[in-house]
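Remarks on the overall topology
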Amino acid sequence: MSIVATATLCHVVSTTATGLNCRYVSTLPSPCPHQVDSANKHGILLEVVQILTDLDLVISKSYICSDGGWFMDVFHVTDQFGQKITDEFLTDYIQQAICTRRTSDKKQNFKGIEMRPQQLAMKHTALEMTVTDHPGLLSEVSAVLTELGCHVSSAVAWTHKHRGAVIFYVDEDVGRPITDQSRLSHIKEQLQIVVGAHNKDGEKQTVRLTAPAVIQTHTERRLHQLMVADEDYKTCGSCGGSVGWKAVNKKVNLGMTCGCTHVSIDKEKGYSVFNIRCRDRPKLLFDTVCALTDMQYTVFHASISCNCSVATQEYYVRRKDGCMLDTETERQKVTQCIIAAVERRVTQGLRLDITAQDRLGLLSDVTRVFREYGLSIMRAEIRTRGEQAVGTFYVTDASGRKISRETVDAVKGVIDGSVEVHHDKLLGKVAGQSSSLVDKSTGSELDDKPSLLSLGSSLWSRIGALRP
């Protein structure tokens, strides 16, 4: 099936591949001179990948070429369940989103599928924080927001290398954005007190509130930017495993003997060539392209593929100023930033999906339950859908051990709402190692045996909250 959008002088072609559960989505700008000048503008690849990722489409293979004054992308995509895309409304949305600039923050719905832009909402006050991660962090912050009368309409939290980044979108309890500067200053002051109570001397922390703005930034891209500014990448590095790029290029060693991210950087025909090899996972392409874009690199050619759950990405890039990487220091920083971008979203812990009636203090109540049962939140995404609040939490035991089934049942019994437990049998594989949260014999993240550490974990979580 072909889709042609002449209004923006671009073409989006969507065809069903024979024998494959995928579609190809390609963008080709018109050869008109003024379009050629903007065809390979910095960040255009990220815009396209962002659109597909926000629709929860899985990109299994991609070819990118944007040299010689024109731009073409080919993506092999399926839905999140690996099924062929047959929804023509979805195809029309992709055409519209890629070929036109979408400035509206309104939600788009097609056949019951909610497609929400992951960007800074223009109707809510944004609260950004980077802090030292510790058990109960999200509970403490959300409790303060509740006490101050701030309603959390949505939030996203990531943790990596003992650091945490959180973005809350808050408003008054009646749904109005918080614009009063004295009130914003008071909220910031109270949050800084909570965050500072756990920080040691010399540790970084930031708390920033911004009023609703017209400029829109993708939320997950902003989280990457916050963690880069927090320098979480500095402790990242290659493990020195047995994956060699010569072997990979010759298609000899297609398996991975470790779960680490491997990055190599070379020079070829006027380009810096980045090779990335790691375990495949959802949104991997977005995360790597986001890292390259924010480091001011433009992708001219790329090839992305996945074989046996191992993703291989090759990028031919130049800096925005047209130069290649020159120094070893620059090469090291780029390598660390790419590894960090891959690792931040690696699945850790048991996934719990919670749906409840939206109200002031709901997030505080849910996270307090986690804290009381000694659970640590590794990653979270909370949003409102009409009068309902929906949250996805990845949680682990505070000691890093498997979560007992009795603990999960207890949490489900206390939380005021529906709790759905996702049993991901690939959890340990995604992380690239045998996870202590996964029962190797059953693939379950739960331990059927009664927990002997529940009391200890709960005590440690309380001790952590009392530390000066």
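My aim in this report is to walk through the structure given alongside it, one point at a time. (Residues numbered from 1 in each chain as written. Predicted model: local features only at pLDDT ≥ 70, side-chain atom pairs only at ≥ 80, totals over all residues. Heavy atoms only, no water.)

1. A few points about the overall build of the protein chain
For clarity, the cut-off: To qualify as a helix, a DSSP run of H or I must reach at least 4 residues; to qualify as a strand, a run of E must reach at least 2; elements of each kind are numbered from the N terminus. A simple rule labels every residue: compare its accessible area, found with a 1.4 Å probe on the protein chains alone, to the largest value its type can have, and call it buried under 20%, exposed over 50%, or partly exposed in between. Any two residues whose heavy atoms approach within 4.5 Å at even a single point are treated as in contact. Values of accessible area rely on a 1.4 Å probe in the Shrake-Rupley scheme; residue burial ignores everything except the protein chains shown.
Looking only at helices and strands, the protein chain has 13 helices and 21 strands in total. Of all 468 residues assigned to the protein chain, the portion counted as buried reaches 51%. Considering only intrachain contacts with a sequence separation of at least 6, the fraction spanning at least 24 residues in the protein chain is 67%. For the protein chain, the accessible surface area stands at approximately 22,100 Å², while carbon and sulfur atoms represent 53% of it.

2. Observations concerning the pairing of strand β18 (residues 388-397)
Counted only if it meets this: Strands are labelled as partners when DSSP assigns at least two bridges between them.
Judged by how many residues are buried, β18 sits mostly within the fold: nine of 10 residues are covered. One ladder, built from eight bridges, connects strand β16 (residues 350-357) with β18; its direction is antiparallel. Within β18, the residue paired with Ile-354 across the bridge is Gly-391.

3. With respect to the sheet that holds strand β17 (residues 375-385)
Counted only if it meets this: The axes used here are C-alpha line fits, helices contributing only the stretch in contact, and every angle between their N-to-C directions lies in the interval 0 to 180 degrees.
Ordered by their spatial adjacency, eight strands build an open sheet running β11-β8-β10-β9-β17-β18-β16-β20, and the pairing between neighbours is antiparallel. The sheet is open, and its two edges are formed by β11 (206-210) and β20 (418-422), each paired on a single side. Each adjacent strand pair in this sheet contributes to an overall mean axis angle of 20°, direction not counted. Pairing of β16 with β20, which is carried by five bridges, proceeds in the antiparallel orientation. Residue pairing in the sheet places Arg-351 in a bridge with His-422 of β20.

4. A short note on the environment of Phe-274
With respect to the helices and strands, Phe-274 occurs in strand β13 (residues 271-279). Since its relative accessible area comes to 0%, Phe-274 is described here as buried. Separated by 60 residues in sequence, Phe-274 and Val-334 place their C-alpha atoms 9.5 Å apart. Ignoring sequence-local partners within four residues, the contact set of Phe-274 consists of Ser-264, Ile-265, Leu-292, Gln-313, Glu-314, Tyr-315, Val-317, Leu-325, Val-334 and Ile-338.

5. Topic: unusual backbone geometry
Here His-162, not a glycine, exhibits a phi torsion of approximately 65°, which is positive. Relative to the elements of secondary structure, His-162 occurs in the loop between β9 (150-160) and β10 (163-172). Using a relative accessible area of 68% as the deciding quantity, one classes His-162 as exposed. Of note in this structure, Lys-283 is not a glycine but carries a positive phi near 70°. Relative to the assigned elements, Lys-283 resides in the loop between β13 and α8 (284-294). By relative accessible area, which is 23% here, Lys-283 ends up partly exposed.

6. Quick look at the packing of helix α2 (residues 44-54) against α8
Test applied: Here is the rule for angles: anything less than 35 degrees is roughly parallel, anything more than 145 is roughly antiparallel, 65 through 115 is roughly perpendicular, and the remaining ranges are oblique. Crossing handedness: left-handed means the near helix sits turned counterclockwise from the far one by under a right angle, and right-handed means the same turn made clockwise. Under the scheme applied here, ten amino acids are nonpolar (Ala, Val, Leu, Ile, Met, Phe, Trp, Tyr, Cys and Pro), four are charged (Asp, Glu, Lys and Arg), and all others, including Gly, are polar.
At a closest axis distance of 10 Å, the pairing of α2 and α8 adopts a crossing angle of 155°. Here α8 runs roughly antiparallel to α2, going by the angle between their axes. The chirality of how α2 crosses α8 is left-handed. Within the contact between the two elements, α2 uses Leu-45, Leu-46, Val-49, Gln-50 and Thr-53 and α8 uses Leu-285, Phe-286, Val-289, Cys-290 and Thr-293. In terms of residue class, the contact of α2 with α8 is built from seven nonpolar, three polar and no charged.

7. Thoughts on the pattern of salt bridges
Our working rule: We define a salt bridge as a side-chain nitrogen of Lys or Arg found within 4 Å of a carboxyl oxygen belonging to Asp or Glu.
Taken as a whole and judged by the stated rule, the model has 22 salt bridges. Via salt bridges that share partners, Glu-220, Arg-281, Lys-283, Asp-287 and Arg-345 belong to a single interconnected network.

8. Notes on the packing of aromatic side chains
Quick note on the threshold: A pair of Phe, Tyr and Trp rings is counted when the ring centres sit within 6.5 Å of each other, with Trp represented by its six-membered ring. The angle between the planes then sorts it: under 30 degrees is stacked, over 60 is edge-to-face, the rest tilted.
Applying the stated criterion to the full structure yields four aromatic pairs. Both rings, one in Tyr-271 and one in Tyr-316, keep their centres 5.9 Å apart while their planes meet at 85°; by these two values the pair is edge-to-face. Here Tyr-316 lies in strand β15 (residues 310-319) and Tyr-271 lies in strand β13, a separation of 45 residues in the sequence. Like Tyr-271, the residue Tyr-316 is buried in the burial classification. Centre to centre, the rings of Phe-274 and Tyr-297 are 5.7 Å apart; their planes meet at 75°, and the pair counts as edge-to-face. You can see Phe-274 sitting in strand β13 and its partner Tyr-297 sitting in strand β14 (residues 297-307), a full 23 residues away along the chain.

9. Brief notes about the pairing of strand β4 (residues 58-65)
With seven bridges joining them, β4 and strand β5 (residues 72-78) adopt antiparallel strand pairing. Within the sheet, the bridge partner assigned to Lys-61 lies in β5 and is His-76.

10. With respect to the packing of helix α4 (residues 137-147) against helix α10 (residues 362-372)
Closest axis-to-axis distance for the α4/α10 pair is 8 Å, and the angle between their directions is 150°. Considered as vectors, α4 and α10 are oriented roughly antiparallel to each other. Seen from above, α4 lies across α10 with left-handed handedness. Facing Leu-138, Ser-139, Glu-140, Ser-142, Ala-143 and Thr-146 of α4, the residues of α10 in contact are Leu-363, Ser-364, Thr-367, Arg-368 and Arg-371.

11. Some words on the state of the cysteines
Defined as follows: In plain terms, two cysteine sulfur atoms within 2.5 Å form what is called a disulfide here.
One pass over the structure, following the stated rule, counts zero disulfides. Cys-308 supplies the cysteine sulfur nearest to Cys-306, a cysteine that is in no disulfide, at a spacing of 8.1 Å.

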